[in-house]
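Observations on the three-dimensional arrangement
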Amino acid sequence: MTSRRQPVDLRTLGYVVVGGALGVFARAVLLAPVDDAVVLPWLTLAVNAIGSLLLGVVVGVLADRHPHARAFLGTGVLGGFTTYSALAVQTAGWLATPWPALALAAASVLLGALAALAGLLAGRGLAGRPVAVPEPGEAE
């Protein structure tokens, strides 16, 4: 059985690239001035939670409509704004003191999931769609 790969839509890719650059710039503006190794991971956690909330709103409002807007805002802007890799490196840097590292990792996962759920429900409400627990795989 052979499967045919869907070609990449260059316009959608352009939306993702431009949105990603804007999201990375916004995160850099917020986090670059911080030079405190204790505070920075918690700010990264806050950025990721806010980004998760906003992604939930975008997905809740747009659903499966407006694919270019979802690509720009969801995958691009909010994908660039949030950062798992920075949080992972910051958490790993704390592994000499395991309890704060564990608290940071657990808080990141829990807050991200709760923020995304709240955003999805709020976005559905804003769009006048039924507010219900989302199906798996509904995110970007």
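Residues numbered from 1 in each chain as written. Predicted model: local features only at pLDDT ≥ 70, side-chain atom pairs only at ≥ 80, totals over all residues. Heavy atoms only, no water.

What follows concerns a nonpolar patch on the surface. A contiguous nonpolar patch, built from Val8, Leu10, Leu13 and Val17 and spanning about 410 Å² of accessible area, is present on the exposed surface. Along the chain, Leu10 falls in helix α1 (residues 10–31). (Patch = residues over 30% accessible without salt bridge, like charges linked within 9 Å, V, L, I, M, F, W, Y side chains within 5 Å. Areas by Shrake-Rupley, 256 points an atom, 1.4 Å probe, with all protein chains shown as cover. Salt bridge = Lys/Arg side-chain N within 4 Å of Asp/Glu carboxyl O. Helix = DSSP H or I, 4+ residues; strand = E, 2+ residues; numbered from the N terminus.)

Compared with an ideal rise of 1.5 Å per residue, which puts 22 residues at 32 Å, α1 spans 31 Å between its outermost C-alpha atoms and is within 8% of the ideal. Buried within α1 we find Gly19, Gly20, Gly23, Arg27 and Leu31. Buried residues of α1, viewed axially, fall in a sector of 110°; they line one side. Of the residues in α1, the exposed ones pointing more than 90 degrees away from the buried face are Leu10, Arg11, Val17 and Phe25. In this structure Asp9 caps α1, since a side-chain oxygen of it lies 3.1 Å from the backbone nitrogen of Arg11. (Expected span 1.5 Å × (residues − 1). Buried < 20%, exposed > 50% of the residue type's maximum accessible area, 1.4 Å probe, protein only. Arc of directions from axis to C-beta. Polar contact = N/O pair within 3.5 Å; in protein donor to acceptor, adjacent residues only side chain to side chain.)

Within the fold, Asn48 resides in helix α2 (residues 40–62). Relative accessible area serves as the criterion here: at 10%, Asn48 is assigned to the buried category. When neighbours within four sequence positions are excluded, Asn48 is seen to be in contact with Thr82, Thr83 and Leu87. (Contact = heavy atoms within 4.5 Å.)

By themselves, these figures tell us nothing about what the structure is for.
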